[in-house]
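Now for the letters of each chain:
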Amino acid sequence: MNHFLNSGVALNPAGTFPQNFVWGVAAAAAQIEGAAFTEGKGESIWDRFSRMPGKVHNGDTLDVACDHYHRFKEDFALMRQLGVKNYRLSISWPRLYPTGDGALNQAGVDYYHRLLDAMVAEGITPWVTFFHWDLPQALEDRGGWTSAVTVKAFANYAETVVKAFGGKVKNWITLNEIRCFTWLSYDVCVQAPGRKVSPAELNQTYHHALLCHGHAVRAVRQLGGPGARVGLTDNSTICMPVTETPADIAAARTWYAEKNIHLLGAIYAGGYSPKYLARCGADAPRVEEGDFALISQPTDFLGLNLYTGTFVRAGADGRPQEIPLPVHYPVADSPWLHLAPQVMYWGTRLAHETYGATSLYVTENGCGYNDEPVVNGEVFDLHRRDYLRGHLRELQRAINDGVPVDGYFLWSFMDNFEWQDGYERRFGIVHVDYATQKRTPKLSAHYYSAIMRENRIV
Ligand code: PNW
């Protein structure tokens, strides 16, 4: 892999991305649909969590959100105007199964048929995520991600989804960001359900999530029909070498492999490594026979949500050393979102080198700011335009160095419910006025539109 050591920005002559590069935008059901209790939808853990005092900024709920449930036609028309050809969305599990398992809510199925038909009518290809955090509350009441009940219910849900929509959907994403709905939700407790569990139970939530990933892959293989493709979207813990020298790059490789050992490491190795099991000790996850045959089925691509990373160098003791960010390091309004465009380069390159993934998609990348309101029909989010330009340059550098990146989905199409940060924190390239539901493309939307059209950074 010597070619990787050429890290000068050697853009291909035309400065374009590969032919057939997939450009898209992303969103998730719970964050945009609203209609939280409409036409039989069941309560999700986020519906419950957002009603607990102090959990979500400003006490915001998902009840109305962007009212996409009722406005999807206009939203797809706007996507088409901006030249969006690929849209990553998710399906709401509690809209299909209000209690997680049990009776199917036909109204929910009908809704997604109408939605997919409207997308296709606008010439937009769907990329569908089975699960983007909105677990039915009834399943949480039976143990949530700590319980095998959830795995069984998910397997059934995934089959239903592929059977229902497999004729219209060919690109499937199993789960979104396992760490967020396990570690952040059952250990750090800043996300729903916010229930602290023991270390052994936490490790079991990871294992249950891996099993669900496997069930979704199986469902797509068995029922997806010709041309169906499937992969996971992971928020791998990313690091970037402080200097792009062999010593710091080696340190970054070691650090990266260790941090991702329990998720991508296990999936690609076909089992938990002795190193990981030693780290868990008595708290190791329970593994049944056949689990890894399911978990480690080959997939068609790996999705990566790339936002931020940790700087690492070769320490004096030969171990990777993390460099704490100085207070003046640039950050978005999302306090965790430090602005290091190199995350695009190293996030994709390390995944390719470490796991041999041969087709990568950036399934999310974007920035959260408390943007200013619309003035005379315009929002000058120059900060987001610059963010995009800088991050896409680093993505292009990876591609030019041979990393197989096949697509990029910007998070997010429009401002939406930013989980525990509520509606204040805006990630959209389209502004949403929540009082009127008016959509206004920001400067960044016009900028990204030109990038998608010309297949190059403008
Ligand atoms: C992702 N972090 O979440 C999610 O997939 C989206 O639903 C979300 O709106 C978007 O990124 C922006 O936050 C993340 O703490 C949540 O590093 C937290 C982190 C990263 C991503």
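Model, not experiment: these values are computed from the prediction.

Rules behind the numbers
Residues numbered from 1 in each chain as written. Predicted model: local features only at pLDDT ≥ 70, side-chain atom pairs only at ≥ 80, totals over all residues. Heavy atoms only, no water. Near = heavy atom within 4 Å. Polar contact = N/O pair within 3.5 Å; in protein donor to acceptor, adjacent residues only side chain to side chain. Nonpolar A, V, L, I, M, F, W, Y, C, P; charged D, E, K, R; others polar. Helix = DSSP H or I, 4+ residues; strand = E, 2+ residues; numbered from the N terminus. Expected span 1.5 Å × (residues − 1). Buried < 20%, exposed > 50% of the residue type's maximum accessible area, 1.4 Å probe, protein only. Phe/Tyr/Trp six-rings, centres within 6.5 Å; stacked < 30°, edge-to-face > 60°. Lys NZ or Arg CZ within 6 Å of the ring centre and 35° of its normal. pLDDT = per-residue confidence, 0-100. Contact = heavy atoms within 4.5 Å. Pairing = 2+ DSSP bridges. Axes fitted to C-alpha atoms, helices over the stretch in contact; angles between N-to-C directions.

The next thing to look at is the site of the ligand. Around the ligand there are 13 residues in total, and Gln31, His132, Glu364, Glu418 and Trp419 lie nearest to it. Separating an oxygen atom of the ligand from a side-chain N or O atom of Tyr307 is a distance of 3.2 Å. Separating an oxygen atom of the ligand from a side-chain N or O atom of Glu364 is a distance of 2.8 Å. Here the residues of the shell around the ligand sort into six nonpolar, four polar and three charged.

The next subject is helix 15 (residues 342-355). The first and last C-alpha atoms of helix 15 sit 20 Å apart over 14 residues, in line with the 20 Å expected at 1.5 Å per residue. Across the 14 residues that make up helix 15, a large majority, 11, are buried. Remark: Gly356 follows helix 15 within two positions and exhibits a positive phi of approximately 70 degrees.

Here the distance between the centres and the angle between the planes together describe a pair of aromatic rings. The full count for this structure, using the stated rule, is 40 aromatic pairs. Between Phe17 and Trp23, the aromatic rings sit 4.8 Å apart at their centres with planes inclined by 70 degrees, giving edge-to-face as the arrangement. The two residues Phe17 and Trp23 agree in class, both being buried. Sitting above the plane of the Phe37 ring, Lys41 keeps its charged end 5.6 Å from the centroid. The ring of Tyr447 has Arg385 sitting right over it, with the charged end atom 5.9 Å from the ring centre.

Before going further, it helps to spend a moment on the confidence of the model for the protein chain. On average, the protein chain scores 96 in pLDDT, and the residues at 70 or more come to 97%. Under a pLDDT of 50 for its full length, residues 1-10 has, in the predicted model, 15 contacts with residues more than four places off or in other chains.

Ordered in space as 1-2-3-4-5-7-10-11, the eight strands form a closed barrel in which the pairing is parallel. Direction aside, the axes of adjacent strands within the sheet are offset by 25 degrees on average.

Relative to the assigned elements, Tyr206 resides in helix 10 (residues 199-223). According to the relative accessible area criterion, Tyr206 is buried, its value standing at 7%. Between the C-alpha atom of Tyr206 and that of Tyr276, which follows or precedes it by 70 residues, the distance is 13 Å. In contact with Tyr206, not counting residues within four places along its chain, are Thr182, Trp183, His262, Leu263 and Tyr276.

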